[in-house]
Amino acid sequence: MEAVAEGLWGLADYHEKKGEIGTAVKCLEAICQSQVSFLPIVEIKTRLRIATLLLKHSHNVNHAKSHLERCQLLLKSIPSCFELKCRAYSLLSQCYHLVGAIPSQKQILNKGLELTASAGEGFDVKLWSCNFCSQLANALTIEGDYQGSISALENGYCCASEIYYPELQMFFATSILHVLLMQWDDPNLVERAVNRCSEVWNSIQPDKKRQCIGLLFYNELLHIFYLLRICDYKNAAQHVENLDAAMKDDMQQMQHIQELTKELNTLNLSLSRSDLHHRDRSALSDKKAQLEEQLSSFSGLNSFGEESLEPAYFGNVRRALGDELELAPPPIDGEWLPKSAVYALVELMVVIFGRPKGLFKECGKRIQSGLQTIQEELLKLGINNVAREVDLQHSAIWMAGVYLMLLMHFLENKVAVELTRSEFVEAQEALVQMRNWFIRFPTILQACECIIEMLRGQYAHAVGSYNEAAFHFIEAAKLTQSKSMQATCQVYAAVSYICLGGPESSAQAFDLIGPVFRMMDSFVGVREKTSVLFAYGFLLMRQQNLQEARVRLAAGLQIAHTNLGNLQLVSQYLTILGNLALALHDTGQAREILRSALTLAKKLYDVPTQIWVLSNLTALYQQLGEKGNEMENLDYQNKKMVDLQKRLDDARSSIHHIELIDKTRIEVHQFHELEIKRAAAGPSVRVNLDIPESIGLSTPAPASLSRLMDSDIAKRGKRKM
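Calculation notes
- Residues numbered from 1 in each chain as written.
- Predicted model: local features only at pLDDT ≥ 70, side-chain atom pairs only at ≥ 80, totals over all residues.
- Heavy atoms only, no water.
- Helix = DSSP H or I, 4+ residues; strand = E, 2+ residues; numbered from the N terminus.
- Buried < 20%, exposed > 50% of the residue type's maximum accessible area, 1.4 Å probe, protein only.
- Contact = heavy atoms within 4.5 Å.
- Areas by Shrake-Rupley, 256 points an atom, 1.4 Å probe, with all protein chains shown as cover.
- Salt bridge = Lys/Arg side-chain N within 4 Å of Asp/Glu carboxyl O.
- pLDDT = per-residue confidence, 0-100.
- Phe/Tyr/Trp six-rings, centres within 6.5 Å; stacked < 30°, edge-to-face > 60°.
- Lys NZ or Arg CZ within 6 Å of the ring centre and 35° of its normal.
- Expected span 1.5 Å × (residues − 1).
- Arc of directions from axis to C-beta.
- Axes fitted to C-alpha atoms, helices over the stretch in contact; angles between N-to-C directions.
- Parallel < 35°, antiparallel > 145°, perpendicular 65-115°, else oblique.
- Left-handed = near helix turned anticlockwise from the far one by under 90°.
- Nonpolar A, V, L, I, M, F, W, Y, C, P; charged D, E, K, R; others polar.

## Some points on the overall build of the protein
Within the protein one finds 32 helices and zero strands. When burial is assessed residue by residue, the protein has 56% of its 721 residues classed as buried. Here the analysis covers contacts within the protein between residues at least 6 apart in sequence; of these, 70% occur between residues at least 24 apart. Put simply, the protein shows about 30,600 Å² of open surface, and 50% of that area lies on carbon and sulfur atoms.

Written out as structure tokens, the structure is:
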């Protein structure tokens, strides 16, 4: 009977290579369903093979789970078979993960750890122990047990250290940093984790580093997330450049592989001809051997030099050669995200760093590229223009959550870019897309509701609907537990109230700014501090407390210029400081500051801020009696106001305008499936990539200019003349 089993195994291999997975599974199931009994070891190996095929090539997780649970029962009666037991535990853990049975997953992983603890100190034993530690950490993170997760990862790091495996140490060091970034309880702990990652990475030999491209991307991205959090944009920019270069190199290599594969296919077609001359056949055969050797240098074995024992990732169609970014050697489940998702993240980082600098053309290309990649991957997961949460395959939920969150980040940045450029209709369209995706996937995208409300506020503010803007900012603050995001939304709301004008609105603004101002030094980084200093300085100016306003605004400008590099925020700081200098009759400084502000506003295509600056320059020239400059400036200002008014009219005539600024929350039907809730809390989408640091303060309409400048400046200038 063993010969029959080996024959069916071989036949299954043949059909798998041809891509006939269903036939391959039937060959293997013939062994399990046979009325003649096979040896238990034969049945165990066969069921493991079936489960592996199902997990790699289908969404049939429950079928795979049934085979693995049967394996586990059979293995109980066999005292040895360490490798088979470990594989069964590992695959069964993955199945429990996919169906959301986290308690069962933890139980099976603890059995695996007990097995490795009793199996000695061998190299393979340590590798399996690392496997179980890694999966256990993931399960604990999903449950929100960050401390338990870090403890499991530290155990894995110790195992990797005991077998002197720096690449594996790096896998655990980066995983620990990832969990600490999600938890962020102690900044010192996070900093130490960052430093350990750098130390371990530097200990890996250069030739080995080149093989660890997955670790390179993972480490660099985690460093960027950390540096973004502490607002160290200068150092983060270097990591973004490294990532972008690595991505382009890898894409070139993949293109080379595709060209070699295409050439090899053409050769095989020629060799299949029966009338081919012997000499030509020999030459083509030599060429084929060369091509296969070149391809084998890229493929054949994975970057860690062994054939993978486990599914590279769970429950989705097996990806093509080179489309994986492995983090650790088999049998570790060592992939963080598919390559397409990592590439999209790299594109997103380029956008996040380019947007505040006004590099909108490059940002537009990257946003378009990222959205296209994500939409292609969503289609593979069965997510089209009408699919909803309840339509998802259970095993696709987690990966769908990753791509959907990335999609929302790209759209969020698109809205921010278009609002800065005063392209209000384009901003509307992107914001409506965000709203529609949220309505269809409300549980997976639950964390995005706050962002959508905040962006609705920014849109409303940009088009002059300050009351509605304040409403949406306050609603956004209610939808998040992040103290940082709450503070940001409160500051935004305060700025909208200041723009409304009047004592009551100023009092409301002060009530919002006060608590944030008192705790501004408690935040990580300086994002919140620069925002609240701007709003507080603006409020003080409106209250005619000009000297204190100047002090606060100058301090905020210095921090924003040094740490953030956000040109829009800097230009708005300069504009209001120029306004102050004008009010204090410091015309020399006012001229210098306002010209700098105008240069930046032009670079950003920020029409409202340009008008705001121009209105101040007009008042300046009136004070100085420079009639020629005044008329020239006023003419340019009027042209810009006509341009802005047209953009505003287009936006307000859109069918989406009213529904976006309307003072109501988005209504959705919440689904309560366990798997969807678990997916929404998945670890890879919990890192806060960016909180938009631009205040969004702009002159929304010619009629509202008086709200954003000291209306008495021009009058005082005339009296002085």
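## What to know about the pattern of salt bridges
Applying the stated rule across the entire model yields 32 salt bridges. One salt bridge connects E143 with K106, and the closest N-O pair in it is separated by 2.7 Å. On the criterion of sequence distance, the pair formed by E143 in the loop between helix 7 (123-142) and helix 8 (146-162) and K106 in helix 6 (residues 102-117) is long-range, its members being 37 residues apart. Overlapping salt bridges, with partners in common, bring together D244, K248, E347, E362, K365 and R366 in one network.

## Remarks on the confidence of the model for the protein
Mean pLDDT over the protein: 83, with 89% of residues reaching 70 or higher. Scored below 50 in pLDDT, residues 300-321 shows 72 contacts in the model against residues more than four places distant or in partner chains. Note that pLDDT drops below 50 for residues 677-721; the model gives that stretch 146 contacts with residues more than four away or on any other chain.

## Comments concerning the packing of aromatic side chains
Per the counting criterion, the structure on display carries 13 aromatic pairs. Where F534 meets F538, the ring centres are 6.4 Å apart and the plane angle is 45 degrees; that geometry is what we call tilted. With a gap of four residues between them, F534 and F538 both fall in helix 23 (residues 527-542), about one helical turn apart. Relative accessible area serves as the criterion here: at 0%, F534 is assigned to the buried category. Judged by its relative accessible area of 0%, F538 is buried. By way of ring pairs, the aromatic residues F534, F538, Y573 and W612 are connected into one cluster. In this structure, R196 packs its charged tip against the face of Y157, placed 4.3 Å from the ring centre. The ring of W437 carries the charged tip of R440 above its face, separated from the ring centre by 4.5 Å.

## Remarks on the side chain of E347
In this fold, E347 is placed in helix 15 (residues 339-354). Judged by relative accessible area, E347 falls into the buried class, the value being 11%. Excluding residues within four positions of it along the chain, E347 makes contact with M247, R366, S369 and F410.

## Considerations on helix 6
If you check helix 6, its first and last C-alpha atoms are 22 Å apart, about what 16 residues at 1.5 Å a residue would give, namely 22 Å. Along helix 6, the residues that are buried comprise I102, Q105, I108, L109, G112, L115 and T116. Take helix 6 and look down its axis: the buried residues cluster within an arc of 135 degrees, on one side only. For helix 6, the exposed residues set more than 90 degrees away from the buried face come down to P103, Q107, E114 and A117.

## Considering helix 21 (residues 483-500)
Structurally, the α-helix is built with 3.6 residues per turn, so residues lying three or four positions apart point the same way. With 18 residues, helix 21 ought to run about 26 Å at 1.5 Å a step, and its terminal C-alpha atoms sit 26 Å apart, in line with that. The buried count for helix 21 comes to 15 of 18 residues, which makes it a mostly enclosed element. Immediately downstream of helix 21, the backbone of G501 shows phi near 80 degrees, a positive value.

## A short note on the side chain of Q72
The topology assignment puts Q72 in helix 4 (residues 61-76). Q72 sits in the buried class, given a relative accessible area of 15%. Apart from residues lying up to four places away in sequence, Q72 is in contact with Y89, L92, I108 and K111.

## Quick word on the packing of helix 23 against helix 24 (residues 546-564)
The geometry of helix 23 relative to helix 24 is characterised by a closest axis approach of 8 Å and an angle of 155 degrees between their N-to-C directions. Here helix 24 runs roughly antiparallel to helix 23, going by the angle between their axes. By crossing handedness, the relation of helix 23 to helix 24 is classed as left-handed. Here R527, K529, T530, L533, F534, Y536, G537, F538, L540 and M541 of helix 23 lie close against helix 24, whose contacting residues are L546, E548, A549, R552, L553, A555, G556, I559, A560 and L564. Residue classes in the contact of helix 23 with helix 24 are distributed as 13 nonpolar, three polar and four charged.

## With respect to the packing of helix 19 (residues 448-462) against helix 20 (residues 466-478)
Remark: helix 19 packs on helix 20, axes separated minimally by 7 Å, with the N-to-C direction vectors making an angle of 165 degrees. In this view, helix 19 runs roughly antiparallel relative to helix 20, as classed from their interaxial angle. Handedness of the crossing formed by helix 19 with helix 20: left-handed. Contacts between helix 19 and helix 20 involve C450, E453, M454, R456, G457, Q458, A460 and H461 from the first element and Y466, E468, A469, H472, F473, E475 and A476 from the second. Of the residues assigned to the contact of helix 19 with helix 20, the class counts are seven nonpolar, four polar and four charged.

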